[in-house]
Amino acid sequence: MLEVFELQCCIQNYLWGKKGFASEVSRLSLAGQHIDFIDEKQLYAELWMGALHKNPSLVKSSGQKLSDWIKSNNEVLGEKSRLQFGDQLPFLMKILSINSALSIQVHPSKDYAEELHKQYPEIYQDSNHKPEMAIALSNFEALCGFRPYSEIKFFLEEIPEFQMIVGYDLIDQFKKDTTNSQHLLKDIFYKLMTSEKEIISQSLNSHKKKLQSLCDDKRNVFLAKLFNQLDCWFPNDVGCFCIYFLNYIQLSPGQAIYLGANEPHAYIYGDCVECMACSDNVVRAGLTPKYIDVKTLCKLLNFNGAPAESKLFCGVKENSYTTLFRPPVPDFALACIKIPADEVCELLKRDVASIIIVIHGQGKINASQELTLSPGKVFMIPANVIIQIHVGFESLELYQAFVNL
């Protein structure tokens, strides 16, 4: 009979990560024994948990790649998962620690991901889609989805640099023609994102000077703090102007956003748990030194305008301990489990495999063997295995990722 077992997981040291002990990734990785020490000069961006071919987790007791172990023990996945996805784990769970903005990006649908991979395999190296969900562990900032058209029209009218870049006629048409808003916004956004670098640089510097002259209330309206921060991280980057097109969202711990296909977004700052389909398919347009593909991005983008609060993704209570975040894709779901101190409880039985990570607290697992739960520890739970958790003297918080079937 398959039993619960511990995973050794890998980290990513991307340039946007938090440094040293400031990073939740480094703290959890050290506590969970995924790394031996924290380098105060190193950037710690992501902790990966799963069987993605690039940097899969390891079975801690043997050092075997989780992907290889699953091939030899495919019953761990559960019948439903194997029928849908074959003998592989179709999701990847991560902890992210973000100190500077990630690129403005979009993830293609499954069909379009296959097309991009076929046409440009050197750029888009896999054919899978990449829906993803982020649940904040700290105060968390992101750009997500296009603003309501009324808000975009306000910024286009009040920021004269846009009229110089895009042209007054196109902006005026967007303001007046309410029956063709998506198409006109697409034209405006494409023209902005493909403008000459020199024009963008001049416009950004002009706008920055005007922001400095405004009173505090006006500076808040025009998101001066955010604009200046992005401009500091990515000087002369057209992505700095995207804050006037995309919703600026500030999440409190426990709040979530879901990013389906074609949803423009950029994480800006904070720590989160993230879960996604196994893919690296990203189409970028700004706030990055990496390859930018504006033409493809604008072809994919969902140009629907909607308020920031509509982008929040709410979980549902499964029981008194468990809140389930279940997106509209079969690849993954994510559960937040919070158990009070000194409690004994059974985790909900899943008929598919799952991975759990402990964020806070202490406890023990009894599933025919005894395993210790503590921050940063990561475990694989086979399908249909029931585990009982004995919580220690402080409450326990963990996250569980599994196939959404």
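Here, every reference points to the structure presented above.
Cut-off values and rules
Residues numbered from 1 in each chain as written. Predicted model: local features only at pLDDT ≥ 70, side-chain atom pairs only at ≥ 80, totals over all residues. Heavy atoms only, no water. Core = buried A, V, L, I, M, F, W, Y, C linked by side-chain atoms within 4.5 Å. Buried < 20%, exposed > 50% of the residue type's maximum accessible area, 1.4 Å probe, protein only. Helix = DSSP H or I, 4+ residues; strand = E, 2+ residues; numbered from the N terminus. Contact = heavy atoms within 4.5 Å. Expected span 1.5 Å × (residues − 1). Arc of directions from axis to C-beta. Phe/Tyr/Trp six-rings, centres within 6.5 Å; stacked < 30°, edge-to-face > 60°. Lys NZ or Arg CZ within 6 Å of the ring centre and 35° of its normal. Polar contact = N/O pair within 3.5 Å; in protein donor to acceptor, adjacent residues only side chain to side chain. Pairing = 2+ DSSP bridges. Axes fitted to C-alpha atoms, helices over the stretch in contact; angles between N-to-C directions.

### Describing the nonpolar core
Within the largest apolar cluster, 70 residues are counted, with the highest numbers of intra-cluster contacts made by Met93, Ile95, Met380 and Tyr399. Looking at this core, the element that brings in the most residues is strand S17 (residues 333–339), giving 6 residues. When residues no more than four places from it in sequence are discounted, the contact partners of methionine 380 are Glu3, Val4, Phe5, Leu7, Leu66, Ile70, Val76, Leu89, Ala353, Ser354 and Ile355. If you look at the next biggest cluster of nonpolar residues, it comprises 55 residues, including Ala101, Ile171, Cys242 and Ile268.

### Overview of unusual backbone geometry
You will see that asparagine 55, though not glycine, has its phi angle at about 60°, which is positive. Looking at the element boundaries, asparagine 55 is found in the loop between strand S5 (46–50) and strand S6 (58–59). On the accessibility criterion, asparagine 55 (36% relative accessible area) is partly exposed. The residue leucine 287 is not glycine, and still its phi comes out positive at about 55°. Its place among the elements puts leucine 287 in the loop between strand S14 (283–286) and helix H12 (294–300).

### Description of helix H8 (residues 181–193)
The end-to-end C-alpha distance of H8, which contains 13 residues, comes to 18 Å, matching closely the 18 Å that a straight helix rising 1.5 Å per residue would cover. Turning to H8, its buried residues number three or more, namely Ser181, Leu184, Leu185, Ile188, Phe189, Leu192 and Met193. End-on, the buried residues of H8 take up no more than an arc of 160°, which puts them together on one face.

### Side note on the environment of alanine 136
Secondary-structure assignment places alanine 136 in strand S9 (residues 132–136). A residue is classified by how much of its surface remains accessible, and alanine 136, at 2% relative accessible area, is buried. Along the primary structure alanine 136 and phenylalanine 313 are separated by 177 residues, whereas in three dimensions their C-alpha atoms are 11 Å apart. Setting aside chain neighbours within four positions, we find alanine 136 in contact with Leu251, Ser252, Pro253, Gly254, Gln255, Asp271 and Cys272.

### A word on the packing of aromatic side chains
In total, this model carries 17 aromatic pairs according to the counting rule given. Between the aromatic rings of phenylalanine 154 and phenylalanine 155, the centroid separation amounts to 5.4 Å while the plane-to-plane angle is 65°, which identifies the pairing as edge-to-face. Residue classification places phenylalanine 154 among the partly exposed positions, given a relative accessible area of 33%. Relative accessible area serves as the criterion here: at 5%, phenylalanine 155 is assigned to the buried category. Seen from their ring centres, phenylalanine 189 and phenylalanine 245 are 5.7 Å apart, and the 65° between their planes marks the pair as edge-to-face. One end of the pair, phenylalanine 189, is in helix H8; the other, phenylalanine 245, is in the loop between helix H11 (224–233) and strand S11 (246–251), and 56 residues separate them in sequence. With respect to burial, phenylalanine 189 and phenylalanine 245 carry one shared label: buried. Counting every residue linked through ring pairs, the aromatic cluster contains Phe146, Phe154, Phe155, Phe162, Phe189, Phe222, Phe227, Phe241, Tyr244, Phe245 and Phe303. Above the face of the tyrosine 14 ring, lysine 290 is positioned so that its terminal group lies 5.8 Å from the ring centre.

### Quick word on the side chain of serine 138
By the secondary structure assignment, serine 138 is in the loop between S9 and strand S10 (140–146). Among the polar contacts listed, one links the side chain of serine 138 to the backbone nitrogen of aspartate 271, at a separation of 2.9 Å. Non-local contacts of serine 138, meaning those with residues more than four positions away in its chain, are made with Leu251, Ser252, Pro253, Gly270 and Asp271.

### As for the sheet that holds strand S23 (residues 388–391)
The strand order S18-S23-S20-S21 describes an open sheet built from 4 strands, whose pairing is antiparallel. At either margin of the open sheet sits one strand with a lone partner, and together these are strand S18 (344–346) and strand S21 (370–373). The sheet shows a mean angle of 25° between the axes of neighbouring strands, taken without regard to direction.

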